[in-house]
Amino acid sequence: MFVYADNAATTSISKTALDAMMPYLTDYYGNPSSLYSFGQKAAEALQASRETVAKYLNASPKEIYFTSGGSEADNQAIVSAARLGARKGKKHIISTQFEHHAVLHTLSRLEKEGFEVTLLDPHSDGVIRLEDVEKALREDTCLVTIMFANNEIGTVQPITEIGALCRERKVPFHTDAVQAAGHMPIDVQAMNIDMLSLSGHKFHAPKGVGVLYARKGIVLTNIIEGGAQERGKRAGTENVAGIVALAAALKESCDHMEENTAKIIPMRDKLFRELAKIPHSKINGSLEHHVPGTVNMCFEGIEGESLLLMLDDQGICASSGSACTSGSLDPSHVLLSIGLPHEVAHGSLRLSIGEYNTMEQIDHIIEVVPKVVAYLRSISPVWDELEKGERPHLI
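Everything quoted here is computed from the prediction, not taken from an experiment.

Overview of a nonpolar patch on the surface
Part 1 of the reasoning: Residues Ile-13, Leu-18, Met-22 and Leu-25 make up a contiguous nonpolar surface patch of about 310 Å² in total accessible area.
Part 2 of the reasoning: As for its position among the elements, Leu-25 is in helix α2 (residues 23-26).

Below, the structure written as structure tokens:
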């Protein structure tokens, strides 16, 4: 049996998204910046897509900028806020230790330019506390950037409350909503969000297309120069087919969000319940504040890479951390940030399921994972030492 359980890394393109984009690859392939009617058909599709995305975020179409994905949107949002702050003598930014590297690496670059960055520690449940944000705020804070939902452990942050605090202190608030868009309700007005990033391939659109929402009044800094596209803020001929697919996929995901969630949560909870029966295992992250489909666990005495390879032999696609760092042998920075020791963090497994998964597939995972963990422990000298009491169990 083949089981794709890595939807947090990417999703398959939906038939709805594929059908929507195909005409703009074959029939209406004109450049939307062209004045002739053939190009204007593409321009009309671009505008309709902008209106659709705006509707599902409760934003204005003029606040929607199309990008190549979440990473570009994160970069542009953070750099824009930093440049605006610097002009006012404000060069302090607040974020968290367990952000996506698109955020963390951008912040590191800004530190080299003289900005001061405060990275908040998440609590052991993987949730940032409002009081920690409040304590970190300063007169020279020019941005708070905190992810909506964590890409590895699936915990959801108190976005509305953080946004309200930032609005009260007149500090711009950006959230990386790549793991939330299409899976959880998002209302940028009600949630007090000034800037937001999302990526289409996380909700059944193709790879290579994303969105930056920037509230009216926020002046964006260009990351890509060269043309007047996206109201002069993101040069390059628009990926019209991809944008049309993103809008269609977002609409489909949001329109069916309630029924999708009702299907996914029982599968997720069954995975948690059954895999937690494996001795010396640990569930990572709060189950109360959690996206519908992400399961992250650690199994003591094994290496995550070996676990993934053996699951692959059994037809199960999973992850041991975020897809962008899956080639690294270092333990997940997310798991270390919530207090897990290196030895435990190395044995992590992320299963991320969606509406296309079935309970039969979940049962297959539940049957295979304990056997693989048991086998890996049987050949592990570390597990042998743990069982003999030569070193203490950490889980």
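Here we look at unusual backbone geometry
Part 1 of the reasoning: Residues other than glycine seldom take positive phi values, yet Glu-230 does so here, at roughly 50 degrees.
Part 2 of the reasoning: Its place among the elements puts Glu-230 in helix α8 (residues 229-232).
Part 3 of the reasoning: With relative accessibility at 3%, the residue Glu-230 sits in the buried group.
Part 4 of the reasoning: Although it is not a glycine, His-280 sits at a positive phi angle of roughly 55 degrees.
Part 5 of the reasoning: Along the chain, His-280 falls in the loop between α10 (257-275) and β9 (281-283).

Some details on empty space enclosed by the protein
To find the voids left in a structure, one rolls a probe of water-molecule size over its atoms.
Part 1 of the reasoning: Using the criterion set out here, one finds two cavities of 30 Å³ or more in the structure.
Part 2 of the reasoning: The space that makes up the largest cavity amounts to roughly 240 Å³.
Part 3 of the reasoning: Lining the largest cavity are 21 residues, with Gln-179, His-183, Ile-264, Gly-293 and Ile-353 positioned closest to its centre.
Part 4 of the reasoning: The element best represented in the lining of the largest cavity is α10, accounting for four residues.
Part 5 of the reasoning: Class assignment for the residues of the lining of the largest cavity results in six nonpolar, 13 polar and two charged.
Part 6 of the reasoning: Looking at the second largest cavity, the residues that line it are Tyr-56, Leu-57, Ala-181, Gly-182, Met-184, Ile-186, Leu-250, Cys-254 and Met-257.

Calculation criteria
Residues numbered from 1 in each chain as written. Predicted model: local features only at pLDDT ≥ 70, side-chain atom pairs only at ≥ 80, totals over all residues. Heavy atoms only, no water. Patch = residues over 30% accessible without salt bridge, like charges linked within 9 Å, V, L, I, M, F, W, Y side chains within 5 Å. Areas by Shrake-Rupley, 256 points an atom, 1.4 Å probe, with all protein chains shown as cover. Salt bridge = Lys/Arg side-chain N within 4 Å of Asp/Glu carboxyl O. Helix = DSSP H or I, 4+ residues; strand = E, 2+ residues; numbered from the N terminus. Buried < 20%, exposed > 50% of the residue type's maximum accessible area, 1.4 Å probe, protein only. 1 Å grid on protein atoms, 1.4 Å probe; cavity = no way out; pocket = protein on both sides within 12 Å on 5 of 7 lines; lining within 4 Å. Points joined across faces, edges and corners; volume = space filled by probe spheres on them. Nonpolar A, V, L, I, M, F, W, Y, C, P; charged D, E, K, R; others polar.

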